[in-house]
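# Structure at a glance
If you want the building blocks of each chain, they are given just below.
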Amino acid sequence: MAMRQTPLTCSGHTRPVVDLAFSGITPYGYFLISACKDGKPMLRQGDTGDWIGTFLGHKGAVWGATLNKDATKAATAAADFTAKVWDAVSGDELMTLAHKHIVKTVDFTQDSNYLLTGGQDQLLRIYDLNKPEAEPKEISGHTSGIKKALWCSEDKQILSADDKTVRLWDHATMTEVKSLNFNMSVSSMEYIPEGEILVITYGRSIAFHSAVSLDPIKSFEAPATINSASLHPEKEFLVAGGEDFKLYKYDYNSGEELESYKGHFGPIHCVRFSPDGELYASGSEDGTLRLWQTVVGKTYGLWKCVLPEEDSGELAKPKIGFPETTEEEIEEIASENSDCIYPSAPDVKA
């Protein structure tokens, strides 16, 4: 009997979830950070979705969030014209980096000593986190607001995307190496260090390029407009989500659609595989994150495979506990923000 995909639903946010990122695997497991228009980025245990804490301090929507490799630091990009760096263990704010416009994206170098930012002022900035009082290095050349900026090639190069252009920069000379132009808006970009692969989504297309040369590798067409896509660490599968509320899973080699799941109640804004490839996380307009199994039916995290004689061959339904929110508080939030759909209970089941 085929197993049923039972996603873990992570509540707590009160507005659309627009970005998420996993840490690397640490001695304490791996972690997940989410950026939300409610201005309160959240940290969770990556394999279960259990809430660890909320970073409080931004005064506007948070558009981007990331963790360093060992999950000791977090960085966030917000509409309050700042990027912030946080101690991800204590939750303390370490520094606020003032910008001249909305900040959309942040990324640490591998050694966590530098932070790359980008946003609506069309400039890339590189901050030395050991010298927070120093002025950042600036790279100009984009002609519209920067949506995503990532270190690549062992921090020797930078990848950045604005509305319809992806650019590759040399870190040492601060100059543009090459660019890609698209006929429609670029919705997301993911960098895979192993193999130097760049994943770009635009319209219904999911395109794969060399992160070193920007030469095309392959591309797939999805049945709906795609907002985000992620490649499995072992490059076996890719997942994508977008405007039709569905998550699609494809065979990376053949491009064949393997599965599709509908669980969110709004467009999907972001999707990423965990560092061990056992699950992928999605964030949506509906204000929730959901965790999905890569191999349905495998015992992992909060998922437990129940044998047929025990429970008719179906998966046990997992349950997660989240920040305490009363029924009345949730109803009040929903009435104040009627343009979004919110969870109906503080403890959310799959």
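The model shown is predicted, which means the values in this text are computed figures rather than measured ones.

## What to know about the pattern of salt bridges
Opposite charge on two side chains allows them to pair when their charged atoms are near. For the coordinates displayed, the defined rule picks out ten salt bridges. A salt bridge links Asp 163 to Lys 147, with the nearest nitrogen and oxygen atoms 3.7 Å apart. Of this pair, Asp 163 sits in the loop between β15 (157–161) and β16 (165–170) while Lys 147 is found in the loop between β13 (137–139) and β14 (148–152), placing the two residues 16 residues apart along the sequence. Assessed through its relative accessible area of 30%, Asp 163 is described here as partly exposed. The closest approach of N and O atoms between Glu 176 and Arg 167, which form a salt bridge, is 2.9 Å. Residues joined by salt bridges that share partners form a network here, namely Asp 121, Arg 125 and Glu 138.

## Topic: the sheet that holds strand β24 (residues 246–251)
The strand order across the open sheet built from four strands is β22-β23-β24-β25, with neighbouring strands paired in antiparallel fashion. Each end of this open sheet is capped by a strand with a single partner; those strands are β22 (226–231) and β25 (257–262). Between one strand and the next, the sheet's axes are offset by a mean angle of 20°, whatever the strand orientation. As paired strands, strand β23 (residues 237–242) and β24 are joined by five bridges and run antiparallel to one another. Considered in β24, the bridge of Gly 241 is made with Leu 247.

## Observations regarding the sheet that holds strand β21 (residues 216–221)
The strand order across the open sheet built from four strands is β18-β19-β20-β21, with neighbouring strands paired in antiparallel fashion. At either margin of the open sheet sits one strand with a lone partner, and together these are β18 (186–192) and β21. Along the sheet, successive strands turn relative to each other by an average axial angle of 15°, direction set aside. Sheet analysis places β18 next to strand β19 (residues 197–202), joined by six bridges and oriented antiparallel. In the sheet register, Met 189 faces β19, and the bridge partner there is Ile 200.

## As for the environment of Asp 163
When the C-alpha positions of Asp 163 and Phe 182 are compared, they lie 8.8 Å apart, and in sequence the two are 19 residues distant. Beyond its immediate stretch of four places on either side in the chain, Asp 163 contacts Ser 144, Gly 145, Lys 147, Met 184, Ser 185 and Val 186.

## Quick look at the pairing of β21
As judged from the five bridges shared by strand β20 (residues 205–210) and β21, these two strands associate in the antiparallel manner. Looking at the pairing, His 209 lines up with Pro 216 of β21. Hairpin connection of β20 to β21: five residues between the antiparallel strands, including Leu 214 at a positive phi of 70°.

## Some thoughts on the UniProt feature "repeat: WD" (unreviewed entry) in the chain
Under the UniProt annotation, "repeat: WD" (unreviewed entry) lies at residues 55–96, 96–137, 139–179 and 261–293. In this annotation, residues 261–293 is assigned 0% helix and 58% strand; the end-to-end C-alpha distance for the span is 11 Å.

## Digging into the packing of aromatic side chains
Enumeration over the complete set of coordinates arrives at nine aromatic pairs. Between Phe 208 and Tyr 252 the ring centres are 4.9 Å apart and the planes differ by 70°, which places this aromatic pair in the edge-to-face class. Taken as a pair, Phe 208 in strand β20 and Tyr 252 in the loop between β24 and β25 lie far apart in primary sequence, 44 residues in all. Taken as a pair, Phe 208 and Tyr 252 share a single burial class, namely buried. Ring geometry for Tyr 261 and Trp 292: centres 5.8 Å apart, planes at 20°, overall stacked. A residue pair is termed long-range when its members are at least 10 positions apart, and Tyr 261 in strand β25 and Trp 292 in strand β28 (residues 289–293) qualify at 31 residues. The class for Trp 292 is buried, based on a relative accessible area of 2%. Here the guanidinium or amino end of Lys 218 rests over the ring plane of Tyr 252, the centre of that ring lying 4.1 Å away. Taking the ring centre of Phe 237 as reference, the NZ or CZ of Lys 249 above it sits at 4.2 Å.

## Here's the deal with the environment of Ala 161
As for its placement among the helices and strands, Ala 161 is situated in strand β15. Along the sequence, Ala 161 and His 142 sit 19 residues apart, while their C-alpha atoms lie 8.4 Å from each other. The contact partners of Ala 161, leaving out residues within four places of it in the chain, are His 142, Gly 145, Ile 146, Lys 147, Lys 148, Val 166, Val 186 and Met 189.

Parameters at a glance
- Residues numbered from 1 in each chain as written.
- Predicted model: local features only at pLDDT ≥ 70, side-chain atom pairs only at ≥ 80, totals over all residues.
- Heavy atoms only, no water.
- Salt bridge = Lys/Arg side-chain N within 4 Å of Asp/Glu carboxyl O.
- Helix = DSSP H or I, 4+ residues; strand = E, 2+ residues; numbered from the N terminus.
- Buried < 20%, exposed > 50% of the residue type's maximum accessible area, 1.4 Å probe, protein only.
- Pairing = 2+ DSSP bridges.
- Axes fitted to C-alpha atoms, helices over the stretch in contact; angles between N-to-C directions.
- Contact = heavy atoms within 4.5 Å.
- UniProt positions renumbered as here; feature names shortened; annotations may be inferred.
- Phe/Tyr/Trp six-rings, centres within 6.5 Å; stacked < 30°, edge-to-face > 60°.
- Lys NZ or Arg CZ within 6 Å of the ring centre and 35° of its normal.

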